[in-house]
Amino acid sequence: MLIACISDIHGNLPALEAAVADARARGAEMICCAGDLTGYGPFPREVCLFLEERGIPTIMGNYDRKVIEAAEGKAARRVMKEGKRRILLWTVENTKGAGLGYLKRLPESLDLDLFPGQRSLIVHGSPVSPDDPIYPSVTKPAIEGKLGGNRPAILVCGHTHIPFVKKISGLLVVNCGSAGYPVDGDPRPSYALLRNDRGGNVRGTIVRFPYDRGRTIGKLRNTGLPRGLSDDFALGNKNSSLDHRGINQEDENG
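Bear in mind that the values here come from a model prediction, so they are computed numbers and not experimental data.

The rules behind these values
- Residues numbered from 1 in each chain as written.
- Predicted model: local features only at pLDDT ≥ 70, side-chain atom pairs only at ≥ 80, totals over all residues.
- Heavy atoms only, no water.
- Helix = DSSP H or I, 4+ residues; strand = E, 2+ residues; numbered from the N terminus.
- Rg over C-alpha atoms; globule rule 2.2 N^0.38 Å.
- Contact = heavy atoms within 4.5 Å.
- Areas by Shrake-Rupley, 256 points an atom, 1.4 Å probe, with all protein chains shown as cover.
- Buried < 20%, exposed > 50% of the residue type's maximum accessible area, 1.4 Å probe, protein only.
- Pairing = 2+ DSSP bridges.
- Axes fitted to C-alpha atoms, helices over the stretch in contact; angles between N-to-C directions.
- Parallel < 35°, antiparallel > 145°, perpendicular 65-115°, else oblique.
- Nonpolar A, V, L, I, M, F, W, Y, C, P; charged D, E, K, R; others polar.
- Left-handed = near helix turned anticlockwise from the far one by under 90°.

### What to know about the overall build of the protein chain
Per the secondary structure count, the protein chain includes 9 helices and 9 strands. Relative to the 2.2 N^0.38 estimate, which gives 18 Å for 254 residues, the radius of gyration of the protein chain is 18 Å and therefore close to what a compact globule would have. A principal-axis box enclosing the C-alpha atoms of the protein chain has dimensions of 60 × 40 × 35 Å. Contacts in the protein chain between residues at least 24 apart in sequence constitute 68% of all its contacts with a sequence separation of at least 6. By element, 47% of the accessible surface of the protein chain is carried by carbon and sulfur atoms, the whole surface being about 10600 Å².

This is the structure we're talking about:
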């Protein structure tokens, strides 16, 4: 059995479409999503509707929670750089309606049996919170501390945009990376493929895939989003083109 796990799409519909097509072409029988559908990319509503229409099991990410809170008038309570606030408020306006309704219905975690006898927990950051990261360097004491008494066989997460698969303390930890907004200098997004062998053992691999970046970047340039985001998607570096105040200098000047 082959299962694909995606996360951190961040409003990048062309990348999401390519991820799903790639996973299906490889034989994935199921796709699940570990959150952060929105933010930074120019297609937040379309991403929500794509996942909803296909019935893909999905959870809410930390940025999705920010969008919901901002839509409810709570954005002013957050201390944010001006550029970050612009991105958030634009995302809210372009997610409202069916997209926002979908986000509000999403759970913060999913407890699934992805494989027979292999309980799987899907979270955004970690079992601690959607904002708590799990990096490839995570140690046995650290992962056990994050799990507490909640110990699955497979832990699927995202949030960091750094993909990896690691067996630690008897647990298969799968960070999907980002299926829409990579940050490690490789502009190709990523997702994870999980497969069980005849003995029931589950193994995971990270897949990098191409997509139509031109479509995403072209759309970005026709929105009210900071222009520097186009470089982020082109280069695979999150906020690489924003100055220390979180707003592109070119935008500030004109």
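### Some details on the pairing of strand β8 (residues 190-196)
Within β8, 6 of the 7 residues are buried, which leaves the element mostly enclosed by the surrounding structure. Pairing analysis gives 4 bridges linking strand β1 (residues 2-6) to β8, with the strands arranged antiparallel. Note on β8: the bridge partner recorded for Ile3 is Leu194. Here β8 pairs with strand β9 (residues 202-208) via 7 bridges, running antiparallel. Directly across from Tyr191, in β9, lies its bridge partner Val207. Counted between consecutive antiparallel strands, the loop separating β8 from β9 contains 5 residues, among which Gly200 sits at a positive phi close to 90°.

### Let's talk about the packing of helix α1 (residues 13-25) against helix α2 (residues 44-53)
Between two packed helices, both the angle of their axes relative to each other and the distance between the axes serve to describe the pair. Across the interface, α1 lies against α2 with an axial gap of 9 Å and an inter-helix angle of 25°. On the basis of their axis angle, the class for α1 and α2 is roughly parallel. Of the residues in α2, those touching α1 at Leu13, Leu16, Glu17 and Val20 are Glu46, Val47, Phe50 and Leu51. Of the residues contributing to the contact of α1 with α2, the split by class is 6 nonpolar, no polar and 2 charged.

### Regarding the pairing of strand β3 (residues 110-115)
One ladder, built from 5 bridges, connects β3 with strand β4 (residues 118-122); its direction is antiparallel. By the bridge assignment, Asp111 is partnered in β4 with Leu121. Counted along the chain from β3 to the antiparallel partner β4, the turn is 2 residues long, and its residue Gly117 has a positive phi close to 75°.

### A word on the packing of α2 against helix α5 (residues 98-105)
Two elements in contact, α2 and α5, have axes whose closest approach is 8 Å; the angle formed by their N-to-C orientations is 60°. The angle between α2 and α5 places the two elements in the oblique class. For the crossing formed where α2 meets α5, the hand is left-handed. For the pair α2 and α5, contact is made by Arg45, Cys48, Leu49, Leu51 and Glu52 and by Ala98, Gly99, Tyr102, Leu103 and Arg105, respectively. In the contact of α2 with α5, the residues fall into 6 nonpolar, 1 polar and 3 charged.

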